[in-house]
Amino acid sequence: MFTAHPLTVPNPLPEKLGVHYQDGALNIAVVATHATSVDFCVFPGGDLSHEERYTLLGPDNGVWHGRLEGYGVGTRYGFRVDGPWDPDSGLFHNPAKLLIDPYARGLDGEVNVSPEIYAHVVNSDLAPTSQPPSRSELDSAGHVPFSVVVDSSFPIASKPRTPWKDTVLYEIHVKGFTQEMPEVPADLRGTYAGLAHPASIAHMKSLGITAVELLPVHVKHEETFLTTRGLTNYWGYSTLNFFSPEASYATAIAQERGPQAVVDEFRGMVSILHQAGIEVILDVVYNHTCEGNNDGPSLSWRGLDNFVYYRHSAERPRHIVDVTGCGNTVAVDHGRAMQMVLDSLRYWSEEMGVDGFRFDLAATLGRFADGYTPAHPLLMAIATDATLSLDKLIAEPWDVGMGGWQTGNFPPPFSEWNDRFRDSVRNFWLVDMRELAAGRCAPGPNDLATRLQGSEDLFGNGVGYLRGPRASVNFVTAHDGFTLSDLTCFDHKHNMANLEENRDGTNDNRSWNHGIEGTTSRGPVDGVLNPDIAELIEDLMPTRLRTRRNILATLLVAAGTPMILGGDEICRTQFGNNNAYCQDNEISWVDWTLDQAQRDMFDTTRWLLYLRRHFPALRPDDFGKGQALNGDSIPDVSWWTAEGERMPDHGWGEQHNRVFQLMRSGQHWGGDDALIVINGTLEPRTVQFPVGHKKGWSIAFDSAWTTPLDGGIDVNALDGHTTPEFKMLKSDKTSIQLEPQSVVILLS
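Note that the structure is a prediction, hence the values are computed from the model and not measured.

K.L.:
I'm lost on the overall build of the chain in this one. Help?
P.N.:
Looking only at helices and strands, the chain features 16 helices and 30 strands. Against the compact-globule benchmark of 27 Å for 748 residues, the chain has a radius of gyration of 28 Å, which places it among compact chains. Taken over the C-alpha atoms alone, the chain extends approximately 95 × 60 × 50 Å along its principal axes. A total of 748 residues make up the chain; the buried ones form 62% of that total. Counted over contacts in the chain with a minimum sequence separation of 6, partners at least 24 positions apart contribute 72%. Of the side chains in the chain, 59 bear a positive and 96 a negative charge, and the two mean positions are spaced by 4 Å.

See below:
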């Protein structure tokens, strides 16, 4: 039996939520609007047998608070909340449950999935034993992490603030990127420190990316259905706390030293990446939490204030509304939930030093009960915040609720993942080519052309029309779905390793195996090696590699902000798994043992990024007018047929115009003219050039090259300042012979 000591000194700033050290004491504040009492529970040294309870003052505007002398950084604590037990009304107060502070900057320990973590009585299958559920008397202390007071103790290097027009995103997983990188010391692999190791940075700088977009690093909780199968939530889209970094990504020594060391390691990583000119963008999951549906555990938010933090049905208060597909939805239309999101974002930006955020299922963050609006107060608050508005803000512009697809409908300064770009590029280079190879027809290039010039149909209208092409985050692959290599090797998903009988993951892959399913890469597909087809697959590799080069070239000459999936530049495979969220193993980790074809692909990607960086016409920052502007002699953007004639309006849907040309004026964007010539057919074609400002074109890239060396370009000799010599066509040459399925970039 514990005796709670009432606190008599109020928190001088009760609206500053969380537990903060100041002048020899802790200022405590937590929201629990329906509670009748809240105890602040301290565990000196993390000793479960020595729990000290202090009853907080309040509630003042729904906040329970107090000031406790004699404790500081490193304090292990939690909250116990008493109040009505009324499941049918959505109230699950239970003082037997030690609750994590939603504002905790560090956590010590893990969730032990057991009956103790549920506010209601459950059976051996963790299902309620009655309806309505009855209150559990089991104490959850020892089965949930301690919240821990931490400090930000050293300055972080200044943010690079890379302009959007120069930004190249690189999506990676903290652990998976270095887990098998041989140049990184074994004790640093798969960690924050490993990501900041010189070998990691050397790869990223050599490649030419400007920002890493990290899969979630907020501390996570493993779902029961995964742990019982021996799997984990590798991606991390199951947040346990929005302020604490995931400790398992820290080095063993930092984990041993505790949450402060984990925070320090993360901040040190950010600082070192900043010194290298690399921005750090976090994938954040504010749309739902790990507490699941109505019958889920009470770990933090549910036990404190179920109605403040989760959206419920007005007709059935117990019923949680789920527009995320993950069991619950954070109630961002409630002021306190909105405050939590904003406070978390500011903390990661100001104290942890990150440069921006990619918002998972961002349409949820703009929802009221009746649907999405770009004028939602949370979106407006983020967009106009003095700190956050200067960071890079990227929306995944959809969720699974009604009206959930909102691509192009976010306010400035948000950019958005452009799923239409992904689908259009896959259709043109994979689906359509598969149809042509089967002797069937394929559509013209109208949709691809729209994507190449920034997707003005999506981003040139509505609330965000002033953003221009940079609002379109162009990608073809991401963490969910096939890798670039697998897009060219598999027609169907192979997710048996996920232990869901291949039911999980999308069937809409828009891929093309080029004739035979599978890859010769090291490792099995669905656990089975098939050496019998290895020789046949080797015969397909040149075409598969060219398709990958075509896709990368299309991505990196398109107007907008490109995002590369980490490992695509070295042909990383997931052996056909298109939903590797639970694969913390060789399926997901980057394999750094490279053959010649992989090294060639790396050099090709480096070269394409070099061209984009040094020639502004390859990264236009407006949609273009199709007119000669400011005294120019040619249009800023123009489209041409293979015959060198202007593309007629009726020609965009015609199959024979899958060979086409895009010319951008160098005078408009600065620098050389650029001519991008695409052959989206299975036959070689002769293409007549349009006339630019000068006579003669230089061939800067041809996807028929297996490596830039085939074009006389040594990427290892590039120093970032000198422009290499290209193959200059004779000034009187007015045409070029295109290989089948190819992209050529010319400069003049």
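Here the narrative resumes.
K.L.:
Sorry if this is basic, but what is going on with a negative patch on the surface here?
P.N.:
Taken together, the side chains of E535, E538, D539 and D595 define an acidic patch exposed on the protein surface. Overall, the relative accessible area of 58% leaves D539 in the exposed class.

K.L.:
Sorry, what's going on with the side chain of N11 here?
P.N.:
With respect to the helices and strands, N11 occurs in the loop between β1 (4-6) and β2 (18-22). Judged by its relative accessible area of 4%, N11 falls in the buried class. In this structure the side chain of N11 is engaged in a polar contact, spanning 2.8 Å, whose partner is the backbone nitrogen of L13. Within the local environment of N11, its side chain forms a polar contact with the backbone oxygen of I28, the two atoms lying 3.0 Å apart. If sequence neighbours within four positions are ignored, N11 has contacts with K16, N27, I28, A29, H65, G66 and R67.

K.L.:
What exactly am I supposed to notice about the pairing of strand β19 (residues 392-395) here?
P.N.:
A regular strand places its side chains so that they alternate between the two faces of the sheet. Across the two faces of β19 the burial is the same, with K392 and I394 and L393 and A395 all buried. Across 4 bridges, strand β16 (residues 356-359) lies against β19 in parallel orientation. What sits directly across from F359, in β19, is A395. With 2 bridges joining them, β19 and strand β20 (residues 415-418) adopt parallel strand pairing. Across the sheet, the residue bridging to I394 is S415, located in β20.

K.L.:
I'm lost on the environment of N287 in this one. Help?
P.N.:
Relative to the assigned elements, N287 resides in the loop between β15 (279-284) and α7 (301-309). Considered as a pair, N287 and F359 are 72 residues apart in the sequence and their alpha carbons are 8.6 Å apart. In this structure the side chain of N287 is engaged in a polar contact, spanning 2.6 Å, whose partner is the side chain of H288.

K.L.:
It is not clear to me how the packing of helix α3 (residues 198-207) against helix α15 (residues 596-614) should be interpreted in this structure. Could you clarify?
P.N.:
Remark: α3 packs on α15, axes separated minimally by 8 Å, with the N-to-C direction vectors making an angle of 55°. Classified by the angle between their axes, α3 and α15 sit oblique to one another. Residues H203, S206 and L207 of α3 form the contact with α15, whose participating residues are F602, T605, R606 and L609. Each residue belonging to the contact of α3 with α15 can be placed in one class, and the counts come to 3 nonpolar, 3 polar and 1 charged.

K.L.:
In this structure, what is going on with the sheet that holds β20? I would like to understand it.
P.N.:
For sheets, the rule is that strands pair by backbone hydrogen bonds, running either parallel or antiparallel. The 8 strands are arranged β13-β14-β15-β16-β19-β20-β21-β22 in a closed barrel whose pairing can be described as parallel. For this sheet, the mean inter-axis angle between neighbouring strands, taken without regard to orientation, is 30°. Relative to strand β14 (residues 211-214), strand β13 (residues 169-172) runs parallel, the two sharing 4 bridges. Bridge pairing in β14 links L169 to A211. Packing of helix α14 (residues 534-557) onto the sheet brings it into contact with β21 (472-474) and β22 (561-565), and relative to β22 it is tilted by some 150°.

K.L.:
Quick question: what am I supposed to make of the sheet that holds strand β3 (residues 25-31) here?
P.N.:
Reading across from one edge, β2-β3-β7-β6 is the order of the 4 strands in this open sheet, with antiparallel pairing throughout. Only two strands of the sheet have a single neighbouring strand rather than two, namely β2 and β6 (57-60). Strand after strand, the sheet turns through a mean of 20° between neighbouring axes, direction not considered.

K.L.:
Can you help me understand the domain arrangement of the chain in this one?
P.N.:
How large an interface is tends to be reported as the accessible area lost when its parts come together. For the chain, the assigned domains are domain 1 (5-149) and domain 2 (625-747). Measuring from the centre of the C-alpha atoms in domain 1 to the corresponding centre in domain 2 gives 64 Å.

K.L.:
Would you mind going over the pairing of β2 with me for this structure?
P.N.:
Bridge count for β2 against β3 is 5 bridges, and the pairing is antiparallel. Bridging from a neighbouring strand, H20 pairs with N27 of β3. Adjacent in sequence and paired antiparallel, β2 and β3 are bridged by 2 residues, among which D23 carries a positive phi angle near 50°.

K.L.:
When you look at α15 in this model, what are you seeing that I'm missing?
P.N.:
The periodicity of an α-helix, 3.6 residues per turn, causes residues three or four places apart in sequence to face the same way. In a regular helix each residue adds 1.5 Å, so 19 residues correspond to 27 Å; α15 covers 27 Å between its end C-alpha atoms and thus fits that length. Counting buried residues along α15, 14 of its 19 residues qualify, which places the element largely inside the surrounding structure. Put simply, D595 is the residue that caps the front of α15, since its side-chain oxygen is 3.2 Å from the backbone nitrogen of A597.

K.L.:
Just to check I follow, could you spell out the pattern of salt bridges for this structure?
P.N.:
Two side chains bearing opposite charge may form a pair once their charged atoms approach each other closely. The full count for this structure, using the stated rule, is 34 salt bridges. Ionic pairing is found between D283 and R358, a salt bridge with its closest N-O pair at 3.0 Å. Of this pair, D283 sits in strand β15 while R358 sits in strand β16, and the two are 75 residues apart along the sequence. Accessibility classification places D283 together with R358 in one group, the buried group. A salt bridge links E435 to R440; its shortest N-O distance comes to 2.8 Å. According to the relative accessible area criterion, R440 is partly exposed, its value standing at 46%. Three or more residues joined by partner-sharing salt bridges are found here, namely E51, R53, R80 and D139.

K.L.:
I would appreciate a short explanation of the environment of T520 in the present structure.
P.N.:
Relative to the elements of secondary structure, T520 occurs in the loop between α13 (484-487) and α14. Along the primary structure T520 and E535 are separated by 15 residues, whereas in three dimensions their C-alpha atoms are 8.7 Å apart. Apart from residues no more than four positions distant in its own chain, T520 is found in contact with A534, I537 and E538.

K.L.:
In this structure, what is going on with the confidence of the model for the chain? I would like to understand it.
P.N.:
For residues with low pLDDT, the predicted coordinates do not support detailed interpretation. Of all residues in the chain, 97% attain a pLDDT of 70 or more, and the chain-wide mean is 95. Looking across the chain, the model is least confident in strand β28 (residues 727-728), with a mean pLDDT of 74, and most confident in β13, with 99.

K.L.:
Where do I start with the packing of aromatic side chains in this structure?
P.N.:
Geometrically, a pair of aromatic rings is defined through the distance of the ring centres and the angle of the planes. A full pass over the atoms with the stated rule returns 30 aromatic pairs. Aromatic side chains F243 and Y347 sit 5.9 Å apart centroid to centroid with 50° between the ring planes, which places their arrangement in the tilted category. One end of the pair, F243, is in the loop between α4 (224-227) and α5 (252-257); the other, Y347, is in helix α8 (residues 335-351), with 104 residues separating them in the sequence. There is no split in this pair, since F243 and Y347 are both buried. For the pair W607 and Y610, a centre-to-centre distance of 5.3 Å together with 15° between the ring planes defines the contact as stacked. One end of the pair, W607, and the other, Y610, are both in helix α15, 3 residues apart, so they sit about a helical turn from each other.

Calculation rules
Residues numbered from 1 in each chain as written. Predicted model: local features only at pLDDT ≥ 70, side-chain atom pairs only at ≥ 80, totals over all residues. Heavy atoms only, no water. Helix = DSSP H or I, 4+ residues; strand = E, 2+ residues; numbered from the N terminus. Rg over C-alpha atoms; globule rule 2.2 N^0.38 Å. Buried < 20%, exposed > 50% of the residue type's maximum accessible area, 1.4 Å probe, protein only. Contact = heavy atoms within 4.5 Å. Lys, Arg positive; Asp, Glu negative; His and termini not counted. Charge placed at Lys NZ, Arg CZ, Asp CG, Glu CD. Patch = residues over 30% accessible without salt bridge, like charges linked within 9 Å, V, L, I, M, F, W, Y side chains within 5 Å. Areas by Shrake-Rupley, 256 points an atom, 1.4 Å probe, with all protein chains shown as cover. Salt bridge = Lys/Arg side-chain N within 4 Å of Asp/Glu carboxyl O. Polar contact = N/O pair within 3.5 Å; in protein donor to acceptor, adjacent residues only side chain to side chain. Pairing = 2+ DSSP bridges. Axes fitted to C-alpha atoms, helices over the stretch in contact; angles between N-to-C directions. Parallel < 35°, antiparallel > 145°, perpendicular 65-115°, else oblique. Nonpolar A, V, L, I, M, F, W, Y, C, P; charged D, E, K, R; others polar. Domains from an automatic or database assignment. Expected span 1.5 Å × (residues − 1). pLDDT = per-residue confidence, 0-100. Phe/Tyr/Trp six-rings, centres within 6.5 Å; stacked < 30°, edge-to-face > 60°.

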